[in-house]
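# Chain and residue survey
Next come the chains, spelled out residue by residue.
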Amino acid sequence: MRQQNRHIAIFALVGGLAAAVIISLTIRSRQQAPSFVMATPWACVGGCGAGGSGGAGGATAKWIGTNVTGGLLDVQEMYSSTATKKSMTNSLETRLSFHPTYTSILALTVPVLAKDGSMQPTTAADERTGVINNGMGDIRIDFQNAFGVSGEFSYDFTLSIPTGDYAMTVGTDKSPQYLPTNLQLGMGVYSLTLDLGYTVDIDKALLLVDAMYSHPFAVNFSGKNSYFPLYNNAEAWNLLSADQKNRFKYYFKPFGENDLGAYFPPSITLSGFYGTKELAGFVHSFGLMFSAPLGVSWIPGFDATTYNPTPDPDNQAWTATLCYGLEFSRPNFPVFVAAYVPIHSKTASATNAQAANPFDSKPMAQWNAPDFHDILHRWSVFIGTKTTLF
Amino acid sequence: MKKLLLFIPAVALCQLLVSCDNGWLYKPTQFIVPAPPPPKRGFISGDSLAKFCGLKDVILLYNWSIQGEMTPTLYYVNFSDSNPTPIQMKKPVGREDWYANSPMPSPDGKLVAYYVFQGAQCEAYVQQLDPAAVPILVASPGSDPHFYKDPQGNLWVTYANITGILTGSLTSDSSYVTYKQQVNAINGQKIGLPDTLVHLPFYGGISKDGRYLCTGYAGAYIYDFSDSSLHAINSGVQTCNPSISTDSILTDRMMFLNFPGPQNINNFPTTSVGEHKMVFIVDKSNSLVNAFNVNTVLDASVVEWQCPEWSNNPDYFAALASQDQVNYDIYLVQISTGKAFRLNIPKEFQVNWSSTPYVFFAGGAS
């Protein structure tokens, strides 16, 4: 069977299961709505931290705290700053949400990003510092719903839409170079994320467990790759295999490969958070998130005149993130601050394991011990507010 | 309804399980456009060439790939054939997607030295000039190999252990090295271990008398083995495509392509020069010997030179020139007269900006 058909099968499976869950639970929640009581009315967890598989966006935080109620439209503003050794990303995310039903939330999240970093396509060339890129990132739409006898379960579907520029270049007209993926504003692909959550409500405390699956996919409404119009060169086009041609002419790809050749694999994330409001007026939360991509991400070649994607030598085979959050629980205008510190598997670039063959993705897929040299060189801080309107 | 909801994913799951023979997740693969077949009629006849340079026993070597693809393959054309047709050479196994670059024939034309690179990786090879010949690895890392025949008749290949270094200036002792490796003059096999020539990377080859090396890119230099002196050429101005003189007497000269702006060459005006407008020949005292303006040698419609390379006949060099900076023609330029002759037929065949042509005269100087 051709690989394309296999991917369609995967996508149909995921989509079919998703549809089944949504429809059946929506029917159930409607039936139960009159007697339904939210077990944790002070916990707002879904959507805040969901969405995408990372990629070009900034980090997202899971807001654990009291909810604001009373208006038709909830507004959340979350500012974050994420640092790595080679870049700094500042992000302001605006999240607008409302309750279509008593137990559900439909939200739109619009991130605006400002990035500053450096790039060095080869070690033979000087490092280019002070590379700045800013603008809108990939917007997200999410739908979450609580279910179960006391609303202890929840599901959340998040669709990430590639509105952020993912093909920004620097350099001369003759020799343009793509910015590295972490300095781009978007992924260039859609991503559908399913987050299943379970909440244990303890006296003045809450334990939250989540399992998340993200599946990027590509949609091209024009049917043509506009960055590399290889189909215009009949000589080259006729030499390509059918699979190669699919990179340049397609409407839908059930996997996350954008027009530059960057590939974002599906990923799974497991997380556990403990929140407590023992101290009046505050909610402390502690958490651990563990995520792993189901494959190796690929990055475009730096040379923007050539289609030459390679496995990402900075691919992190696994990442564990330590999370701390503190909400100042004001009834109409809570404030949330958080700090996240990721710890990740040592990458191929850290060990120079890809040097022998940069197209061999096996060293990038390797699960290694933590990269202790990178701990605390990566961190994110967040500050957010929310209120309700109308 | 519930049955239908379960049926859809069940069917999809079955289809997925059936297709699991090759992994269930998409795995990207390297994108390589196959090497294009050479054109049947892409070059002028040997008789036409003979009218220009007096010889038709001439071989042109170059690399080529489809426009936009950076995985060129080496080709050669023998103008003594009745219908000069490019012949494709084999690439090293496992390096089909690497960039094959800068073919340099041996003094007798039987062997070709070249290098392949991908990113910062580079490997130098020697290969018999035959479509069936297998590449022989000379050095890894190895860049910009050139042949050198010593007074005893031994054949060597010089190469640098790093490719494309763009640091601004060379110092007297770097971690990058230029080596020479002896090879068998018949089959190209390595003989013994490489010798260190100098602790600096040189890309422009070694002179016939073995006294000088030259290099270019961020900074151009001529190195004199007689007193281990390093002579800066066009100091402070980037240069491209360095090649050492192939003359057996006037060996202290190098050729290069200019970068835009004022040049820093003795006896040359300090006015600004457009990018790739000039091919210079300069001696080790940084004095101008020759300058070839592309708009004078060719015509005003031509935008730039590319990839000049001194031929084994010291009165000629090969270079590319283009009107649109997309499609390039291959020229043979006579140094003494400043006249140029196009070797390809543009309607049939043109090359890329980095096709690194080399014109080899089987008889040496005419």
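Look above for the structure.
The present account deals with the structure reproduced in this document.

Calculation notes
- Residues numbered from 1 in each chain as written.
- Chains lettered and ligands numbered in written order.
- Predicted model: local features only at pLDDT ≥ 70, side-chain atom pairs only at ≥ 80, totals over all residues.
- Helix = DSSP H or I, 4+ residues; strand = E, 2+ residues; numbered from the N terminus.
- Buried ≥ 20, exposed ≤ 12 C-beta atoms within 10 Å, placed from the backbone.
- Contact = placed C-beta atoms within 7 Å.
- Pairing = 2+ DSSP bridges.
- Axes fitted to C-alpha atoms, helices over the stretch in contact; angles between N-to-C directions.
- Core = buried A, V, L, I, M, F, W, Y, C linked by C-beta atoms within 7 Å.

### Quick look at the environment of T246(B)
All names here are of chain B. Locating T246 in the fold gives a position in the loop between β15 (239–244) and β16 (253–258). By the C-beta count within 10 Å, which is 25 here, T246 ends up buried. Distance in space between the C-alpha atoms of T246 and N312 is 5.7 Å, their sequence separation being 66 residues. When sequence neighbours within four positions are dropped, the list of residues in contact with T246 reads K208, W310, S311, N312 and P314.

### Some points on the sheet that holds strand β20 (residues 288–293) of chain B
Residue and element names in this part refer to chain B. Pairing in this open sheet of 4 strands is antiparallel, and the strands run β15-β16-β19-β20 from one edge to the other. The open sheet terminates on both sides in strands that have one partner only, identified here as β15 and β20. Direction aside, the axes of adjacent strands within the sheet are offset by 20 degrees on average. Strand direction decides the pairing type here: strand β19 (residues 278–283) and β20, joined by 5 bridges, are antiparallel. Paired with V282 across the two strands is L288, which belongs to β20.

### Concerning the nonpolar core
Generally speaking, nonpolar side chains in soluble globular proteins are found buried as a group. Among the nonpolar cores identified, the biggest contains 98 residues, and L60(B), A319(B) and V333(B) are the most heavily contacted of them. Among the elements that line this core, the one with the most residues is strand β5 (residues 111–118) of chain B, at 7 residues. Beyond its immediate stretch of four places on either side in the chain, L60(B) contacts Y76(B), V77(B), I330(B), L343(B), P357(B) and V359(B). The next biggest cluster of nonpolar side chains, apart from the first, holds 24 residues, and it includes L183(A), M187(A), V189(A) and A348(A).

### Here we look at unusual backbone geometry
Residue P141(B) is reached from S140(B) by a cis peptide bond, and omega for that bond is 5 degrees. By the element assignment, P141(B) lies in the loop between β7 (136–139) and β8 (143–149).

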